[in-house]
Amino acid sequence: MWKNIKNVVAAVSDLVVIGAKEVNYQANKASDATEQVTGKIAERSAQLRAQYEADLADRKSGIKKPVIVPEAATPTDVIPVN
């Protein structure tokens, strides 16, 4: 009888270790994926901010930028960038 209990305890211990390692693996995998996505978002937002800062400096100094007109737009639809 004691041998049966010992075998059950060993089996449960092995399953607990397997479960803990799998949970740890999945958590790390999800963390890495999230880190990659948030890193890309941070890089893109830094680029947008740098472009905005440059555009704002140009507007403050009075530099006129060319107006971009889509093909379908008529002259009355044109809105200046500045």
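Attention in this report is confined to the structure presented alongside it.

Calculation notes
Residues numbered from 1 in each chain as written. Predicted model: local features only at pLDDT ≥ 70, side-chain atom pairs only at ≥ 80, totals over all residues. Heavy atoms only, no water. Helix = DSSP H or I, 4+ residues; strand = E, 2+ residues; numbered from the N terminus. Buried < 20%, exposed > 50% of the residue type's maximum accessible area, 1.4 Å probe, protein only. Areas by Shrake-Rupley, 256 points an atom, 1.4 Å probe, with all protein chains shown as cover. Expected span 1.5 Å × (residues − 1). Patch = residues over 30% accessible without salt bridge, like charges linked within 9 Å, V, L, I, M, F, W, Y side chains within 5 Å. Salt bridge = Lys/Arg side-chain N within 4 Å of Asp/Glu carboxyl O.

Observations regarding the overall build of the protein
Assigned secondary structure in the protein consists of one helix and zero strands. In the protein, buried positions account for 0% of the 82 residues. For the protein, the accessible area works out to roughly 7600 Å², and carbon and sulfur atoms hold 63% of it.

Things to note about helix α1 (residues 2-61)
In this model, α1 (60 residues) spans 87 Å end to end at C-alpha, consistent with the 88 Å of a helix rising 1.5 Å per residue. At the exit of α1 stands Gly62, carrying a positive phi of roughly 90°.

Some remarks on a nonpolar patch on the surface
On the surface, Met1, Trp2, Ile5 and Val9 cluster together into a nonpolar patch covering about 530 Å² of accessible area. Judged by relative accessible area, Met1 falls into the exposed class, the value being 76%.

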